[in-house]
Amino acid sequence: MAGRINDDDVKAVRDAVPIDSVVSEYLQLRSAGGGNLKGLCPFHDEKSPSFQVSPSKGLFHCFGCQEGGDTIAFVMKIDHLSFSETVERLAAKAGITLRYEEGGYNPSHQRGERIRLIEAHQAAAEFYVRALESPEAEIGRKFLAERGFDQEAAAHFRVGYSPAGWDHLTRYLRGKGFSDKELITSGLSQDGRRGPIDRFRGRLMWPISDTAGDVVGFGARKLRDDDNGPKYLNTPETPIYKKSQVLYGIDLAKKDIAKASRAVVVEGYTDVMACHLAGVTTAIATCGTAFGNDHIKILRRLLMDNGSARVIFTFDGDAAGQKAALRAFEDDQKFAAETYIAIAPDGMDPCDLRLVKGDEAVRDLVEPRTPLFEFALRQIVGRYDLETPAGRAAALDEAAAVVAKIKTSSVQREVAVQLAGFVGILDQEFVVRRVAQLARWARDKGGEGRGGDGRGGRGPGPQDRRGGAPQQSAQAYPAPAGRTASSGPALHLRSPAHRTERELLKLALQKPALVCPAFDAYGVDEFTAPPYAAVRRCIEEAGGAERGLGDSREYLVAVMDAAPDDTVRNLVTELAVEVFHGKTIDENYAGVQLVQVRLRAVDRRIDDVQSSLARLGSNVAPHELAAAQNEVWVLQQYAQSLRARGADAL
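These numbers were taken from a predicted model, which means no experiment stands behind them.

A few words now on the environment of Phe-218. Along the chain, Phe-218 turns up in strand β10 (residues 215-222). The class of Phe-218 is buried, set by a relative accessible area of 1%. Expressed as a C-alpha distance, the spacing of Phe-218 and Leu-188, which sit 30 residues apart in the sequence, is 8.7 Å.

Here's what the structure looks like:
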């Protein structure tokens with residue numbers, strides 16, 4: 001085993017890779033004020049952004065699910081990596097060579113599994129790209145040329161070719177130091193009679209990348225008639241490739257999707273290429289599976305569910321395409337974006353359309369015109385003879401059951417009215433009542449619970465459109481019930497004491513220069529909320545707020561490292577990124593928080609001593625009585641001074 005990574009190198013990695021650039025690879029971020037950024041949390045479903053990133057501190061925190069930490073913690077959680085794997089991955093991104101405490105530099109065979117599999121795919125992608133230039137690959141180059149893709153286009157999308165022999169890639173990767181076990185696990189090779197052989201042979205190859213841009217799989221297109229395999233063959237499920245969780249082209253499209261608040265979902269690799277080359281750079285495609293829940297989650301994080309977001313599906317006009325459209329409509333409500341469908345003339349896909357009519361026709365195709373719900377309902381209604389009462393009744397029964405699944409009542413009513421027009425029923429209220437009745441029956445049977453995001457409905461509610469933090473945020477309500485590591489009452493920020501203690505801790509973490517050196521003289525017992533007392537103890541163990549006067553990121557990491565558990569650690573990140581209540585955060589503001597926390601502590605001590613004396617009554621010894629009375633007098637004088645002179649009395 002390789003030794004632990006050198007601490008200085010870990011720090012260098014933290015400092016070298018900005019957290020906002022890493023997080024932006026997975027979701028869209030927008031300004032949250034105060035130098036912070038916000039987006040939809042990638043760790044839980046939510047309808048408005050409560051996930052915040054502080055680039056200056058190198059931290060993230062979600063006020064909804066309480067996940068938080070630094071760049072390393074984010075990558076560990078989102079990509080399910082170990083600490084060492086994450087540091088190695090970020091180090092490679094930053095061009096940092098890591099040192100290990102035992103055994104010097106880390107040999108490649110000791111690297112984490114995920115990193116090794118990604119490295120194997122990267123090597124395979126380069127191998128396939130070079131193979132496309134070989135004489136054998138003429139059939140692949142011809143295939144591309146016939147579809148309007150030149151050498152430059154192939155290079156842009158890293159299209160390659162897998163040689164027709166049994167083990168060309170396998171032998172190449174073995175020479176790169178990859179074991180047979182790694183090659184089988186990666187899906188690049190498969191078991192043969194005499195050992196591993198190439199999974200892909202004699203095919204045109206498209207690399208499939210995750211949101212971060214790492215190649216995790218391949219899509220392979222059949223080129224020869226003697227190839228008995230399927231037309232398209234994809235990488236099997238592996239530790240790094242889950243077909244329901246990847247979108248082809250997402251690495252190329254993600255920035256434009258976030259910028260334009262629009263995504264175009266097409267059906268194949270060549271369709272993505274055609275769209276991008278035609279200027280539709282928000283096009284992506286699924287990889288051999290239907291568009292589903294996990295794909296929606298990826299797009300929602302990039303679109304951030306603002307009211308103007310658009311998702312346009314392109315489906316063939318045939319029966320399979322219509323079925324795909326209906327399936328997409330079933331998931332439509334999981335978007336807060338508006339969804340549309342685009343079908344090219346004569347049922348051409350974007351690749352064929354570009355060949356026949358040019359780039360402009362592709363751009364025109366994906367302009368949102370027909371709402372997905374309208375297309376889906378017309379497909380249902382179109383199967384019936386609407387000239388007869390029986391046909392209209394049957395069409396209404398099937399279509400109304402679909403409309404009844406819309407959980408926002410106002411949207412449900414609006415679509416029901418449109419359905420009446422599609423079917424040709426003049427009594428719109430009859431259709432509205434029928435849909436509402438079906439919805440009630442479904443609720444009564446328990447079959448139509450709320451959606452995964454707890455929201456339901458096709459569009460964002462008022463809070464979504466504002467784009468603000470969730471109403472039950474940490475700034476106004478008790479802390480989540482799950483925060484139980486520190487015993488004691490739940491945090492309740494309507495309590496002036498809790499609110500002031502919270503502000504003081506935020507100052508100590510975010511702006512330590514405003515509260516030093518006074519803060520470091522405050523005892524843990526001056527914080528009445530046990531979770532806040534735990535954070536105060538972490539700051540103390542990390543060297544005090546005075547340590548934050550130097551390297552602020554190193555200071556915050558030290559405070560997090562001092563946390564006894566994830567609950568306290570998450571509270572540290574929460575306080576380190578949360579905005580302040582005051583409009584002007586200066587020495588005066590800091591002084592008020594320092595004084596209020598100290599004053600309440602002094603008043604509590606006075607009350608404790610006086611209560612103790614009252615309980616003892618005449619049983620107290622004279623010298624003990626005198627000492628207690630003297631302590632009360634000193635504390636009262638100190639309290640009076642704090643009220644009169646403020647921070648100058650500290």
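That covers the picture; the talk isn't over yet.
Turning to the packing of aromatic side chains, a few remarks are in order. All chains considered together, the criterion is met by 16 aromatic pairs. Measuring from ring centre to ring centre gives 5.9 Å for Phe-127 and Tyr-128, while their planes differ by 65°; the resulting arrangement is edge-to-face. An identical accessibility class is assigned to Phe-127 and Tyr-128; each is buried. Put simply, the rings of Tyr-26, Phe-43, Phe-51, Phe-60 and Phe-74 pair up and form one aromatic cluster. One Lys or Arg, Arg-147, reaches over the ring of Phe-143 and ends 3.5 Å from the middle of that ring. The cationic tip of Arg-598 hangs over the ring face of Tyr-522; the distance from NZ or CZ to the ring centre is 4.1 Å.

A few words now on the pairing of strand β2 (residues 36-39). Side chains of β2 alternate between two faces, with Asn-36 and Lys-38 and Leu-37 and Gly-39 buried alike. Pairing geometry for strand β1 (residues 30-33) and β2, over three bridges, is antiparallel. Of the residues in β2, the one forming a bridge with Arg-30 is Lys-38. Turn length for the β1-β2 hairpin, with the two strands adjacent in sequence and antiparallel, is two residues, and the turn residue Gly-34 shows positive phi of about 65°.

Read across the sheet, four strands follow the order β6-β9-β10-β11 without closing on themselves; strand pairing throughout is antiparallel. Pairing within the sheet leaves two strands with one partner each, and these edge strands are β6 (160-162) and β11 (232-234). Ignoring which end each strand starts from, the neighbouring axes of this sheet average 35° apart. Of the strand pairs in this sheet, strand β9 (residues 203-209) and β10 are connected by seven bridges, and their pairing is antiparallel. In the strand pairing of β10, Ser-209 is matched with Val-215.

So, on to the sheet that holds strand β16 (residues 370-371). Here we have five strands laid out as an open sheet, ordered β13-β12-β14-β15-β16, and mixed in their pairing. Edge positions in the sheet fall to β13 (283-285) and β16, since each has one partner strand and no second. Across two bridges, the pairing between strand β15 (residues 338-342) and β16 is antiparallel. Looking at the pairing, Tyr-340 lines up with Pro-371 of β16.

Turning to the nonpolar core, a few remarks are in order. Core analysis: the biggest nonpolar cluster contains 45 residues, and Leu-144, Val-159, Leu-204, Trp-206 and Tyr-248 have the highest contact counts within it. By residue number, the principal contributor to this core is helix α11 (residues 269-277), which donates five residues. Listed in part, the 41 residues of the second largest apolar core include Val-535, Ile-539, Val-572 and Ala-576.

Per the counting criterion, the structure on display carries 32 salt bridges. A salt bridge links Asp-7 to Arg-4, with the nearest nitrogen and oxygen atoms 2.9 Å apart. Classification of Asp-7 by relative accessible area gives partly exposed; the value is 45%. Measuring nitrogen to oxygen at the nearest pair gives 3.5 Å for the salt bridge that ties Glu-67 to Lys-77. Note that Glu-67 is positioned in the loop between β4 (59-62) and β5 (68-70) and Lys-77 in helix α3 (residues 71-79), a separation of ten residues in sequence.

Let's shift gears to the confidence of the model for the protein chain. Residues of the protein chain with pLDDT of at least 70 account for 87%, and the chain-wide mean is 84. Note that pLDDT drops below 50 for residues 104-110; the model gives that stretch twelve contacts with residues more than four away or on any other chain. Segment residues 447-490: pLDDT under 50, and 98 contacts once partners within four positions in sequence are set aside and those in other chains are kept.

Remark: helix α16 (residues 372-381) packs on helix α17 (residues 389-403), axes separated minimally by 9 Å, with the N-to-C direction vectors making an angle of 155°. As summarised for this structure, α16 and α17 are arranged roughly antiparallel, according to the angle between their axes. Read as a crossing pair, α16 and α17 show a hand that is right-handed. Contacts between α16 and α17 involve Leu-377, Ile-380 and Val-381 from the former and Ala-395, Glu-398, Ala-399, Val-402 and Val-403 from the latter. Each residue belonging to the contact of α16 with α17 can be placed in one class, and the counts come to seven nonpolar, no polar and one charged.

Residue placement: Thr-170 occurs in helix α8 (residues 168-175). Judged by its relative accessible area of 0%, Thr-170 is buried. Apart from residues lying up to four places away in sequence, Thr-170 is in contact with Leu-183, Ser-189, Pro-196, Ile-197 and Asp-198.

Moving on to the environment of Ala-309. Examined against the element boundaries, Ala-309 turns out to sit in the loop between α12 (293-303) and β14 (310-314). Residues Ala-309 and Ala-258, spaced 51 residues apart in sequence, show a C-alpha to C-alpha distance of 9.3 Å. In this view, Ala-309 contacts Ser-261, Leu-303, Ala-337 and Glu-338; residues no more than four positions away in its chain are not counted.

Reading the values: the criteria
The numbering scheme is per chain: residues are counted from 1 as the chain's sequence reads. Local features in this predicted model are restricted to residues whose pLDDT is 70 or higher, and side-chain atom pairs enter the listing and the counts only when it is 80 or higher, whereas totals over whole chains, interfaces and linings include all residues. With hydrogens and water set aside, each side-chain value is computed from the structure's full complement of heavy atoms. In this text, helices come from DSSP runs of H or I with a minimum length of four residues, and strands from runs of E with a minimum of two, each type numbered from the N-terminal end. Exposure is judged per residue with a 1.4 Å probe applied to protein chains only, and the accessible area is read against the type maximum: over 50% gives exposed, under 20% gives buried, and values in between give partly exposed. Two rings from Phe, Tyr or Trp (for Trp, the six-membered ring) form a pair when their centres are within 6.5 Å of each other. A pair whose planes differ by under 30 degrees is stacked, one over 60 is edge-to-face, and the rest are tilted. Lysine and arginine charges are scored as sitting over a ring when NZ or CZ, respectively, is within 6 Å of the ring centre and within 35 degrees of the ring normal. When DSSP finds two or more bridges between a pair of strands, those strands are recorded as paired. Helix axes are fitted to C-alpha atoms over the stretch in contact, other axes to C-alpha atoms as well, and angles between N-to-C directions run from 0 to 180 degrees. We call a set of buried Ala, Val, Leu, Ile, Met, Phe, Trp, Tyr and Cys residues a nonpolar core when their side-chain atoms join them within 4.5 Å. The salt bridge criterion pairs a side-chain nitrogen of Lys or Arg with a carboxyl oxygen of Asp or Glu, the two atoms within 4 Å. Confidence of the predictor in every single residue is expressed as pLDDT, which spans 0 to 100. A contact between two residues is defined here by any heavy atoms of the two lying within 4.5 Å. Roughly parallel means an angle under 35 degrees; roughly antiparallel means over 145; roughly perpendicular covers 65 to 115; every other angle is labelled oblique. Each helix crossing is assigned a hand: it is left-handed if the near helix lies turned anticlockwise from the far helix by less than a right angle, otherwise right-handed if that turn is clockwise. Classes in brief: Ala, Val, Leu, Ile, Met, Phe, Trp, Tyr, Cys and Pro nonpolar; Asp, Glu, Lys and Arg charged; the others, Gly included, polar.

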